Amino acid sequence: MHPGNLRFPSLTAAALVIVAACTTNPSLDKSRDKSPLLDTTRSAETAPENFRVRFETTNGPLTIEAHRAWAPWGVDRFYYLVRNGFYDSTAFSRVIPGFIAQFGISGNPEIAASWRQRLFPDDTIAHQTNSRGRISFATAGPMTRNTQLFINLRDNPTLDKDYAPFGEIVDGMTVIDSLWSGYGDMPPNGRGPDPSRIFTEGNAYLRRDFPQLDYILTARIAK
């Protein structure tokens, strides 16, 4: 698949995709009205050189190790988002077998809207390749990264020019390999969730129209 398929039509129409909320766990629907994620004065913090993040998902647990030397802008954004619970209750909304699993639009429309244009600079030198199990920020073009991520399900060296990996799965790759992928790509290439509707309607849209999606329940810095 051509790497251009990672891009959305435009950031104003939609950015890049995945993760929302579980249909059976009421904790996924709790209010985040007082969340620090709505504080627009901050969007990143300096991360440790190396750290691990434990994800609990509807398909099982996995652990990602981040390396600041690989992509410092990306790691600092990722660290801030995880520390503030951004990826909790977020859906793996774009899973293409043998290519990528993508996530990162908040299932809370207020938070999604707040972060949609909080862009951060590109890590211009890809220190690592997009090999199987590595994670990168998705993009709609130069200087458009925000919150959306993808995990490589195979070696994708053709993506290295545009996407800088900042971490890798160190435990739980089988969890990613077995995520629900039956909806396919996003429109118009498939019948999967429309990212613009995730931004505006959140998890209510996903639960109603795509009930078999897998979700991140929590993502926490590992102790």
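Structure first, text after, so check above.
Residues numbered from 1 in each chain as written. Predicted model: local features only at pLDDT ≥ 70, side-chain atom pairs only at ≥ 80, totals over all residues. Heavy atoms only, no water.

Trainee: Would you mind showing me how to read the overall build of the protein here?
Mentor: Secondary structure summary: the protein contains five helices and nine strands in total. What you see in the protein, going N to C, is helices and strands ordered as β-β-α-β-β-β-α-β-β-β-α-α-α-β. In the protein, which comprises 223 residues, the share counted as buried stands at 56%. Across the protein, the fraction of contacts at a sequence separation of at least 24, relative to all contacts at a separation of at least 6, is 74%. Total accessible area on the protein stands at roughly 9,200 Å², and carbon and sulfur atoms take up 51% of it. (Helix = DSSP H or I, 4+ residues; strand = E, 2+ residues; numbered from the N terminus. Buried < 20%, exposed > 50% of the residue type's maximum accessible area, 1.4 Å probe, protein only. Contact = heavy atoms within 4.5 Å. Areas by Shrake-Rupley, 256 points an atom, 1.4 Å probe, with all protein chains shown as cover.)

Trainee: Explain the packing of aromatic side chains here, please?
Mentor: Where two aromatic rings form a pair, the distance of their centres and the angle of their planes describe that pair. Scanning the entire structure with this criterion turns up 16 aromatic pairs. Taking the centre distance of 6.2 Å and the plane angle of 40° together, the rings of F78 and Y87 count as tilted. Assigned by exposure class, F78 and Y87 land together as buried. Ring centres of F78 and F166 lie 4.9 Å apart, and the angle between their planes is 50°; on these two criteria the pair is classed as tilted. You can see F78 sitting in helix α1 (residues 72-83) and its partner F166 sitting in strand β8 (residues 165-171), a full 88 residues away along the chain. In this structure, F78 and F166 share a single accessibility class: buried. Between the NZ or CZ atom of R116 and the centre of the ring of F199, over which it lies, the distance is 4.1 Å. Stacked on the ring of W115, the Lys or Arg R118 has its end atom at 3.8 Å from the ring centre. (Phe/Tyr/Trp six-rings, centres within 6.5 Å; stacked < 30°, edge-to-face > 60°. Lys NZ or Arg CZ within 6 Å of the ring centre and 35° of its normal.)

Trainee: Please clarify how the environment of R83 should be interpreted in this entry.
Mentor: Tracing the chain through its elements places R83 in helix α1. On a C-alpha basis, the gap between R83 and R220 in space is 6.7 Å, while along the polypeptide they are 137 residues apart. Polar side-chain contacts of R83 include one of 3.1 Å to the side chain of E45. (Polar contact = N/O pair within 3.5 Å; in protein donor to acceptor, adjacent residues only side chain to side chain.)

Trainee: Just checking my understanding: could you explain the nonpolar core for this structure?
Mentor: Note on soluble globular proteins: their nonpolar side chains tend to be buried together. F55, F78, Y87, F103, F166 and I176 are the most contacted members of the largest nonpolar core, which has 38 residues in total. In terms of residue count, α1 provides more of this core than any other element does, six residues in total. Those residues in contact with F166, other than ones at most four positions away along the chain, are E65, A66, H67, W70, A71, V75, F78, I135, S136, F137 and L149. If you look at the next biggest cluster of nonpolar residues, it comprises 11 residues, including Y183, I198, Y205 and F210. (Core = buried A, V, L, I, M, F, W, Y, C linked by side-chain atoms within 4.5 Å.)

Trainee: Help me out: how do you make sense of the pattern of salt bridges in this one?
Mentor: Any two side chains of opposite charge can pair if their charged atoms end up close together. Using the criterion set out here, one finds 14 salt bridges in the structure. Where D122 meets R145, a salt bridge forms, and the shortest distance between an N and an O atom there is 3.9 Å. With D122 in the loop between α2 (109-115) and β6 (134-137) and R145 in the loop between β6 and β7 (149-152), this residue pair connects regions lying 23 residues apart in the sequence. The exposure class assigned to D122 is partly exposed, which follows from its relative accessible area of 23%. Within the structure, one salt-bridge network assembled from shared partners comprises R197, E201, R208 and D209. (Salt bridge = Lys/Arg side-chain N within 4 Å of Asp/Glu carboxyl O.)

Trainee: How should I be thinking about unusual backbone geometry in this particular structure?
Mentor: Leave glycine aside and you will find that most residues have negative phi; peptide bonds, for their part, are mostly trans. Of note, the amide linkage connecting P187 to P188 takes the cis form, showing an omega dihedral of 5°. Even without being a glycine, S89 presents a positive backbone phi close to 65°. Secondary-structure assignment places S89 in the loop between α1 and β3 (90-91). Although it is not a glycine, M143 sits at a positive phi angle of roughly 60°. Judged by its relative accessible area of 46%, M143 is partly exposed.

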